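Chain by chain, the residues run as shown.
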Amino acid sequence: MQPAESMRVRTELMKAIAAKVKANGWSQADAVEKLDITQAQISWIINTRIEKIALNTLVKIATKADLEVQFNITDAIA
């Protein structure tokens, strides 16, 4: 995956996780407890600090937030 695509995917995951936290009415402290992550991680997610969290970690967090992660893979040469 090229860096730009990785950044885009991480951004989408962070936005989805942050939206789920907001929809559930969780504070950052609630999210830390319920998602079993650090305070720094939830802050990075909410502030979309994409360089701070690896893609695989975001997938794990999204899964803990009861989000279904799907990838759509297509041929880049069309």
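A few points on the structure. Keep in mind it's a predicted model, so treat the numbers as computed, not measured.

Scoring rules and cut-offs
Residues numbered from 1 in each chain as written. Predicted model: local features only at pLDDT ≥ 70, side-chain atom pairs only at ≥ 80, totals over all residues. Heavy atoms only, no water. Helix = DSSP H or I, 4+ residues; strand = E, 2+ residues; numbered from the N terminus. Buried < 20%, exposed > 50% of the residue type's maximum accessible area, 1.4 Å probe, protein only. Axes fitted to C-alpha atoms, helices over the stretch in contact; angles between N-to-C directions. Left-handed = near helix turned anticlockwise from the far one by under 90°. Contact = heavy atoms within 4.5 Å. Nonpolar A, V, L, I, M, F, W, Y, C, P; charged D, E, K, R; others polar. Lys, Arg positive; Asp, Glu negative; His and termini not counted. Salt bridge = Lys/Arg side-chain N within 4 Å of Asp/Glu carboxyl O. Polar contact = N/O pair within 3.5 Å; in protein donor to acceptor, adjacent residues only side chain to side chain.

Moving on: unusual backbone geometry. Of note in the backbone geometry, Thr48 takes a positive phi value of approximately 50° without being a glycine. Secondary-structure assignment places Thr48 in the loop between helix H3 (39–46) and helix H4 (55–64). For Thr48, a relative accessible area of 33% translates into the label partly exposed. Positive phi, normally seen in glycine, also occurs at Asp66, with a value near 60°. Among the structural elements, Asp66 can be located in the segment after H4. For Asp66, a relative accessible area of 65% translates into the label exposed.

Packing of helix H2 (residues 28–35) against H3 leaves a shortest axis separation of 9 Å and a crossing angle of 115°. Read as a crossing pair, H2 and H3 show a hand that is right-handed. Residues Gln28, Ala29, Ala31 and Val32 of H2 form the contact with H3, whose participating residues are Gln39, Ile42, Ser43 and Ile46. In the contact of H2 with H3, the residues fall into five nonpolar, three polar and no charged.

Take the side chain of Arg10 next. On the secondary structure map, Arg10 appears in helix H1 (residues 3–23). Despite its burial, Arg10 pairs with no opposite charge; the closest candidate is Glu51, at 6.9 Å N-O. In terms of polar contacts, Arg10 uses its side chain to reach the backbone carbonyl oxygen of Ile50, at 2.6 Å. Setting aside anything within four residues of it in sequence, one finds Arg10 in contact with Ile50, Glu51, Ile53, Ala54, Leu55 and Leu58.

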